[in-house]
Amino acid sequence: MTVTVLDPRTALVVIDLQAGIVAAPTEPYSGAEVVARSAELAEAFRARDLPVVLVRVSFAADGADAVPGRTEAGAGGPRPEGWDVVVGELAGHPGDLTVTKRNWGAFHGTGLDVQLRRRGVTQIVLTGIATSIGVESTARAAHEHGYHVTLATDAMSDMSAEAHRGSVERIFPRLGETGTTRDILELLAKTHG
């Protein structure tokens, strides 16, 4: 289903478009494509005085604030300096909000919900990497918090096209509406001038 409505107070929430994540290989879209489309959306939201939230994942150097627990994938290793810096195409706008998360989703353990509610936000448009991890986790929590959720399916990507497709085709229709960057920009122009 293509996105049908954008509420008067809709926010763009961009997930993990930071140096160390955008540089990794992704499918079906490259990190550069996801960044370009997210930046286009951010520019359109800013032009209409709608909130833009840049979410990044980061951890203390010693990993003390990382999510505990055993997983088959392991904990990962040390990260290079600057891996958690938001990409230049999105950073540097004083009106944007930056949220640092330490989990997959952007709601748990952050002030995201409070920041959105204080601004009267009732709907979020999501972009970012990875579709089936940070984006999907944030979409699930947003839905559970009562937000209308819109997912810009060509402004997100994953480690595999199959994982991306699984979220887009099976999970997202249960959480909100989907559309391309173009669909969302056209609807934004119609409804928000």
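This is a predicted model, so every value here is computed, not measured. Position numbers for residues start from 1 in each chain and track the written sequence from start to end. Two thresholds apply to this predicted model, a pLDDT of at least 70 for residue-level local features and 80 or more for giving and counting side-chain atom pairs, whereas whole-chain, interface and lining totals are computed over all residues. By convention in this description, side-chain values take in all heavy atoms of the structure and omit both hydrogens and water.

Asks: How do you make sense of the overall build of the chain when you look at a structure like this?
Replies: We count a stretch as a helix when DSSP gives it H or I for four or more residues in a row; a strand needs E for two or more, and each element gets its number in order from the N terminus. Tallying secondary structure elements over the chain gives 6 helices and 6 strands in all. What you see in the chain, going N to C, is helices and strands ordered as β-α-α-β-β-α-β-α-β-α-β-α. Across its three principal directions, the C-alpha atoms of the chain cover 45 × 35 × 30 Å. Per-residue accessibility, obtained with a 1.4 Å probe over protein chains only, is compared with the maximum for each type, and a residue is labelled buried under 20%, exposed over 50%, and partly exposed between these values. Relative to its full complement of 193 residues, the chain shows a buried share of 47%. Throughout, a contact is declared for two residues whenever any of their heavy atoms are within 4.5 Å. When contacts within the chain are restricted to residue pairs at least 6 apart in sequence, long-range pairs at least 24 apart make up 86% of them. The method behind every accessible area is Shrake-Rupley, applied with a 1.4 Å probe, and residues are considered shielded solely by the protein chains displayed. Just so you have it, the chain exposes about 9600 Å², and 52% of that area is on carbon and sulfur atoms. Working convention for charge: Lys and Arg count positive, Asp and Glu count negative, and His plus the chain ends are omitted. Think of each charge as sitting on NZ of Lys, CZ of Arg, CG of Asp or CD of Glu. In the chain, the 18 positive side-chain charges and the 24 negative ones have mean positions that sit 4 Å from each other.

Asks: What is the right way to look at helix H4 (residues 131–144) in this model?
Replies: At 3.6 residues per turn, the α-helix brings residues three or four places apart onto the same side. The span expected for a helix works out to 1.5 Å for each residue beyond the first. Here H4 spans 18 Å end to end across 14 residues, near enough to the 20 Å set by a 1.5 Å rise per residue. Every buried residue of H4 is listed here: Thr 131, Gly 134, Val 135, Glu 136, Ser 137, Thr 138, Ala 139, Ala 141 and Ala 142. Check the buried side of H4 and you find it contacts strand E1 (10–15), strand E3 (97–101), strand E4 (123–129), strand E5 (148–157) and helix H5 (161–175). Gly 146 sits one or two positions beyond H4 and adopts a positive phi of about 90 degrees.

Asks: I keep staring at the packing of aromatic side chains and nothing clicks. Help me out?
Replies: How two aromatic rings sit relative to each other is given by the distance of their centres and the angle of their planes. Planes of paired rings set the category: under 30 degrees apart is stacked, over 60 is edge-to-face and the rest tilted, where pairs are Phe, Tyr or Trp rings (Trp by its six-membered ring) whose centres lie within 6.5 Å. Enumeration according to the criterion identifies 1 aromatic pair in this entry. Ring geometry for Phe 107 against Tyr 147: centres 5.9 Å apart, planes inclined by 35 degrees, an arrangement best described as tilted. Taken together, the residues Phe 107 in the loop between E3 and helix H3 (112–118) and Tyr 147 in the loop between H4 and E5 connect sequence positions 40 residues apart. Cation placement over rings: the criterion is NZ of Lys or CZ of Arg within 6 Å of the ring centroid and within 35° of the ring normal. Positioned above the aromatic ring of Tyr 29 is the side chain of Arg 37, whose terminal nitrogen or guanidinium carbon lies 4.9 Å from the ring centre.

Asks: Where do I start with unusual backbone geometry in this structure?
Replies: Note: most residues except glycine have negative phi, and most peptide bonds are trans. For the bond running from Glu 27 to Pro 28, omega is 0 degrees, close enough to zero to count as cis. Assignment of secondary structure puts Pro 28 in the loop between helix H1 (19–22) and helix H2 (31–47). The omega torsion across Ile 129 and Ala 130 is 10 degrees, close enough to zero to call that bond cis. Assignment of secondary structure puts Ala 130 in the loop between E4 and H4. Notably, Asp 16 is not glycine yet its phi reads approximately 55 degrees, a positive angle. With respect to the helices and strands, the residue Asp 16 is situated in the loop between E1 and H1.

Asks: Before we go on, may I ask you to explain the pairing of E5 in this structure?
Replies: Taken residue by residue, a regular strand's side chains alternate between the two faces of the sheet. Most of E5 is tucked away: 9 of the 10 residues are buried. Orienting the strands away from the viewer, one traces the path from the first strand over the helix to the second; a clockwise path indicates a right-handed crossover. At this point the chain moves from E4, through H4, to the parallel E5, and the crossover so formed is right-handed. By the bridge criterion, 3 bridges tie E5 to strand E6 (residues 177–179) in an arrangement that is parallel. In the sheet register, Ala 152 faces E6, and the bridge partner there is Gly 179. As a crossover connection, the stretch from E5 through H5 into E6 is right-handed. The rule for pairing is simple: two strands pair if DSSP sees at least two bridges between them.

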